[in-house]
Amino acid sequence: MLTFTIRRLVLAVPTLLFISLVIFLLLQLAPGDPMAQVPLTVPPEVKQQMREALGLGQPIHIQYIKWIKQFFWIEPLNGIDALFGTSLAEGQLRVISWQTRSPVIDIVIQRLPQTLWVVGVAYVVGILIALPIGIISAYRQYSIFDQAGTFITMIGFSVPPFFSGVLVIVIFSVQLGWFPSIYDTMHVVDDWASFKVQIWQMFLPVMVLALQITSQISRFMRASMLDNLSHDYVRTARAKGLSEASVVLVHVLRNSMIPVVTVIALGVPSIFGGAIITEQVFKVNGIGQLLITAIQANDLPMVQTLTFIFAILIVLFNLIADVLYGLLDPRIRYD
């Protein structure tokens, strides 16, 4: 397993470099000029100096190498400086946002807590609800619980968040007045009272996202459980006198989790990517909204950095899913 993990990490390097090149070249083809929003009163020579400061006057391959160096070398050094008070990256030019003229990573770190509060909690809640629903629905196939679960999950999977988000706002915020319709990103949690306020304002966006996550994962869990319940080893375990709980929750569940782990692991990068539509509906000032504003402002450094971070997370959690396969099923060996 260790050899496989090291080999995959080594292979991930050229994969990520190729992905970064594709992202960079595609965004270079995007129309627009970052200097278009500069006031007309700025002299042309000043605009030219601003272009050179942003690296716009250099050849494409030089810009790409410069961005890769900044992302993989200068930014980690700045992180070390911030943690340990060193000066390893002093004087080095970081990845600068064209829109805010500030380091991209600093803006991402500022927005990340808001995304984790909403999307991260919704993902955990969705998993905790989806797994029991999928297990019980498969074990009691065609029962009232299974039919009700299938109906609810199909609705949750079919209804888009821009509709369900507006619907819950109209019902629970406008009509009933139970929850706030706009997420207060300036709220600080420093005691129990402020924590309860945070939970209260998170409820609606978390409910909308958790419904979608639950719908997806519970269907995979049900289908995987149904497939394993019909195998010979289940009848053998029952013939040996094992309890029904041991058969279902130990033998069947462990084998059924293998495909579900893939869905869960590949969904984790979406936590850091933010729920773009839901964040827009509830005015959550997170990573998803940051990406939208960067696209609208033609902020290429911000867009390509965020996109590349998502790609890194997808490659990383693919590796984690493969490692978990070996832990769930002893028959799977990579060495």
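Residues numbered from 1 in each chain as written. Predicted model: local features only at pLDDT ≥ 70, side-chain atom pairs only at ≥ 80, totals over all residues. Heavy atoms only, no water.

Assigned secondary structure in the chain consists of twelve helices and zero strands. Across the chain, helices and strands are ordered from the amino to the carboxyl terminus as α-α-α-α-α-α-α-α-α-α-α-α. Roughly 18,400 Å² of accessible area belongs to the chain as shown, and the carbon and sulfur atoms make up 70% of that amount. (Helix = DSSP H or I, 4+ residues; strand = E, 2+ residues; numbered from the N terminus. Areas by Shrake-Rupley, 256 points an atom, 1.4 Å probe, with all protein chains shown as cover.)

It is worth spelling out empty space enclosed by the protein at this point. Applying the stated criterion to the full structure yields one cavity of 30 Å³ or more. The computed volume of the largest cavity comes to approximately 30 Å³. Forming the walls of the largest cavity are I155, G156, V159, P160, P161, S164, V208, L211 and Q212. Listed by contribution, the elements that provide at least two residues to the lining of the largest cavity are α5 (144–158), α6 (161–175) and α7 (192–229). For the lining of the largest cavity, the leading source of residues is α7, giving three residues. (1 Å grid on protein atoms, 1.4 Å probe; cavity = no way out; pocket = protein on both sides within 12 Å on 5 of 7 lines; lining within 4 Å. Points joined across faces, edges and corners; volume = space filled by probe spheres on them.)

On to the environment of M202. Inspection of the secondary structure puts M202 in helix α7. With 82 residues separating them along the chain, M202 and V284 place their C-alpha atoms 9.6 Å apart. In contact with M202, not counting residues within four places along its chain, are W117, V121 and Y183. (Contact = heavy atoms within 4.5 Å.)

Positive phi, normally seen in glycine, also occurs at Y142, with a value near 70 degrees. With respect to the helices, strands and loops of the structure, Y142 is situated in the loop between α4 (104–139) and α5. When its relative accessible area of 62% is taken as the criterion, Y142 is described as exposed. (Buried < 20%, exposed > 50% of the residue type's maximum accessible area, 1.4 Å probe, protein only.)

Within the largest apolar cluster, 28 residues are counted, with the highest numbers of intra-cluster contacts made by I217, M221 and M225. Elements with a minimum of two residues in this core: α4, α7, α8 (232–239), α9 (244–273) and α12 (300–328). The leading source of residues in this core is α9, at twelve residues. Not counting chain neighbours up to four residues away, the residues in contact with M225 comprise I135, A138, V248, V252, L253 and S256. F24, L27, W67 and V104 belong to the second largest nonpolar core, which has 26 residues in total. (Core = buried A, V, L, I, M, F, W, Y, C linked by side-chain atoms within 4.5 Å.)

Further remarks concern the pattern of salt bridges. Enumeration according to the criterion identifies one salt bridge in this entry. A salt bridge links D146 to R222, with the shortest nitrogen-to-oxygen separation between them at 2.8 Å. Here R222 lies in helix α7 and D146 lies in helix α5, a separation of 76 residues in the sequence. For the pair shown, D146 and R222 are each scored as buried. (Salt bridge = Lys/Arg side-chain N within 4 Å of Asp/Glu carboxyl O.)

Quick look at α7 now. Over its 38 residues, α7 extends only 45 Å from the first C-alpha to the last, a length that falls short of the 56 Å expected when each residue adds 1.5 Å. The largest bend in α7 is about 45 degrees, located at F203, with the proline P205 one to four residues further on. (Expected span 1.5 Å × (residues − 1). Bend = angle between axes of the 7 residues up to and from the residue.)

Glancing now at the environment of P103. Note that P103 resides in the loop between α3 (60–84) and α4. When its relative accessible area of 18% is taken as the criterion, P103 is described as buried. In this structure the C-alpha to C-alpha distance between P103 and P301, which are 198 residues apart in sequence, comes to 9.6 Å. Setting aside anything within four residues of it in sequence, one finds P103 in contact with R94, V95 and I96.

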